[in-house]
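Close look at the chain arrangement
Below are the chains, spelled out letter by letter.
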Amino acid sequence: MADFFSWVDKPLDGMAFLNMVIGAVIVLAFILGVVTYTIYFERKVIGWMQWRIGPNRVGPLGLLQSIADVLKLLIKEDIVPAKADRNIFLIAPILAFFPSFMVLAVIPFSATHIFTAASNVGVLYYIALSAMTIIGVVLGGWASNNKYSLIGGMRSAAQMISYEVPLAMSMLGVILLAGSLNLVKIVEAQQAFPYVWYVVPQILGFIIFIISATAELNRTPFDLPEAESELVAGYFTEYSGFRFAFYMLAEYVYVFAMSALGTTMYFGGWSGPFLPGWLWFAIKVSCFIFFFFWVRATMPRIRTDQLLTFAWKVLIPLSVVNLVATAVLKYLLK
Amino acid sequence: MVSYWNSYLFIFLFLVLGLLLPIGALMVLGPLLRPKNPTPEKLTTYESGIEPFGEAHVRYNVRYYLFALMFVAFDVEIMFLYPWAVTFDSLGLFGLVEMLIFLGLLVLGLVYAWKKKVLEWK
């Protein structure tokens, strides 16, 4: 079955191309379903943590709530403010969304690579593309011609670029150990001798990674760009209807993508005993996603002046230390 | 070699789908489903209920620019570190020492920015 749909080592003919298209469309459908139920899961988890019930009206246990929300957004009027920079305002959500979907192309969901481009530059590809979303965010904030949007967009850009540095540097430790940027090879390196997931030798790197990832995703306690108590909604204040939905979609696709990246880099991806690989992958990713929601329900928002200082004065020096220690130890133990 | 091109074609398909979904939803499906009834009041810029005053494209804090410059320096450096990390085993002691010098220079830059109080947010 998997072999039939595989396109990885086959010459590029019509059949292989068709399989590729099928694979990409399945990933798209899958991620839309995942995002729908991630939002439901977030609302339920935070509801429970605050002694509420969460959504429970639409469908059994409120399971259709997110679908109802999406349909509602789809039939809402698409308002472009008269003072907005119209063309940029219209394309900014698209610019923010498409890289979030593109990064999924290199994530290995299971040992059969029907849905994965085992690119040799996988990690670099992820970092490069996820940085492109910042352009969509800044353009959206600028084009809205709204003070809240502009401040939100600028804050967002400053935060995302500042935390991208420790994020990329913390992953360098894993790349040193695995000797490859290919996410499939990184998983395979964790299955080989000494049979340990990289979270153990790279525990410092992992802590830096998870903090930077939370900040990259603009999630609490780093959700200053969308601080609703001071900036209304940040960079998408002026957006309505489905354009707003695409910003939200990009955000939640990144929650999944970042969890999948962390799973692959630090927790052995699809590897694990007894259960099939895709199920292990799903379990680990779910734990990551739960962690992000748990933090949101627990931590207060930090201040702007603490935010950037923390990235540059704490996380970046620590990630340099982690990198040097990893390199020196690897050289000595060779 | 076959696999190499196949994987990039797959990534290209993701680009196409990632653009088709928002374009299809916003420009093809959306206009059929959503109402279009703009009134002047609806098209005003939101500013907490008051009439928006002045332009929103105001001057903003120059510190954003300083952080952007710092980011460029560090991100370019990381781009150099990635290939180094991949080929670390074959470089041996030479690669290790070279990279320590490179990182040392960079940390020196960070210390300089720190002392100059570029990293404070006021």
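Worth saying up front: this structure is predicted, and the values here are computed from it rather than measured.

What counts and what doesn't
Residues numbered from 1 in each chain as written. Chains lettered and ligands numbered in written order. Predicted model: local features only at pLDDT ≥ 70, side-chain atom pairs only at ≥ 80, totals over all residues. Heavy atoms only, no water. Helix = DSSP H or I, 4+ residues; strand = E, 2+ residues; numbered from the N terminus. Rg over C-alpha atoms; globule rule 2.2 N^0.38 Å. UniProt positions renumbered as here; feature names shortened; annotations may be inferred. Axes fitted to C-alpha atoms, helices over the stretch in contact; angles between N-to-C directions. Parallel < 35°, antiparallel > 145°, perpendicular 65-115°, else oblique. Contact = heavy atoms within 4.5 Å. Nonpolar A, V, L, I, M, F, W, Y, C, P; charged D, E, K, R; others polar. Buried < 20%, exposed > 50% of the residue type's maximum accessible area, 1.4 Å probe, protein only. Expected span 1.5 Å × (residues − 1). Polar contact = N/O pair within 3.5 Å; in protein donor to acceptor, adjacent residues only side chain to side chain. Buried area = accessible area lost by both parts, 1.4 Å probe. Salt bridge = Lys/Arg side-chain N within 4 Å of Asp/Glu carboxyl O.

Attention shifts here to the overall build of chain B. Along its length, chain B carries 3 helices and 0 strands. Start at the N end of chain B and walk to the C end: the helices and strands fall as α-α-α. Relative to its length of 122 residues, chain B is extended, with a C-alpha radius of gyration of 25 Å against a globular reference of 14 Å. Dimensions of chain B, computed from C-alpha atoms along their principal axes, come out at roughly 70 × 55 × 15 Å.

Turning to the UniProt feature "transmembrane region" (unreviewed entry) in chain A, a few remarks are in order. Residues and elements named next belong to chain A. On the UniProt side, "transmembrane region" (unreviewed entry) is annotated at positions that read residues 20-40, 88-111, 123-144, 165-183, 195-215, 252-271, 277-295 and 307-333 here. The span residues 195-215 shows a helical share of 62% and a strand share of 0%, and its end C-alpha atoms are spaced 31 Å apart. When the span residues 277-295 is considered, its composition is 100% helix and 0% strand, and the gap between its end C-alpha atoms is 27 Å.

Here the focus is the packing of helix α7 (residues 183-191) of chain A against helix α10 (residues 241-266) of chain A. All names here are of chain A. Closest axis-to-axis distance for the α7/α10 pair is 8 Å, and the angle between their directions is 45°. Between α7 and α10, the angle is such that the two are oblique. Facing L183, I186, V187 and Q190 of α7, the residues of α10 in contact are L261, T264, M265 and Y266. For the contact of α7 with α10, a count of residues per class yields 6 nonpolar, 2 polar and no charged.

Looking now at unusual backbone geometry. Residues and elements named next belong to chain A. In this model, N145 sits at a positive phi of 55°, which is unusual for a non-glycine residue. Relative to the assigned elements, N145 resides in the loop between α5 (122-143) and α6 (147-178). Accessibility expressed as a relative area gives 9% for N145, which makes it buried. In this model, F274 sits at a positive phi of 65°, which is unusual for a non-glycine residue.

All names here are of chain A. For α6, built from 32 residues, the straight-helix expectation of 46 Å at 1.5 Å per residue is met to within 8% by its first-to-last C-alpha distance of 46 Å. Burial analysis of α6 places 29 of its 32 residues in the buried class, which makes it a mostly covered element. Its side-chain oxygen placed 2.8 Å from the backbone nitrogen of Y148, N146 serves as the N-cap of α6. One or two positions beyond α6, positive phi appears at G179, with a value near 70°.

Residue and element names in this part refer to chain B. The UniProt entry lists residues 6-33, 64-85 and 91-114 under the feature "transmembrane region" (unreviewed entry), expressed in the numbering used here. Segment residues 6-33 splits into 100% helix and 0% strand. End C-alpha atoms: 38 Å apart. The distance separating the terminal C-alpha atoms of residues 64-85 is 31 Å; by composition the span is 100% helix and 0% strand.

With that out of the way, let us pick up the interface of chain B and chain A. One frequently used descriptor of interface size is the decrease in accessible area upon assembly of the parts. Contacts between chain B and chain A engage 69 residues on the former and 90 residues on the latter. Between chain B and chain A lies a buried interface of about 7300 Å² when both sides are counted; carbon and sulfur atoms form 76% of it. On the chain B side of the contact with chain A, F10, F14 and Y82 of chain B bury the most area, a combined 11% of that side's loss. Note that R34 of chain B is salt-bridged to D78 of chain A, the shortest N-O span being 3.7 Å. Where chain B meets chain A, there are 3 residue pairs in polar contact (both at pLDDT 80 or more). Of all the secondary structure elements, the ones that give two or more residues to the side of chain B that touches chain A are α1 (2-33), α2 (63-86) and α3 (88-115) of chain B. Of all the elements, α1 of chain B adds the most residues to the side of chain B that touches chain A, at 22 residues.

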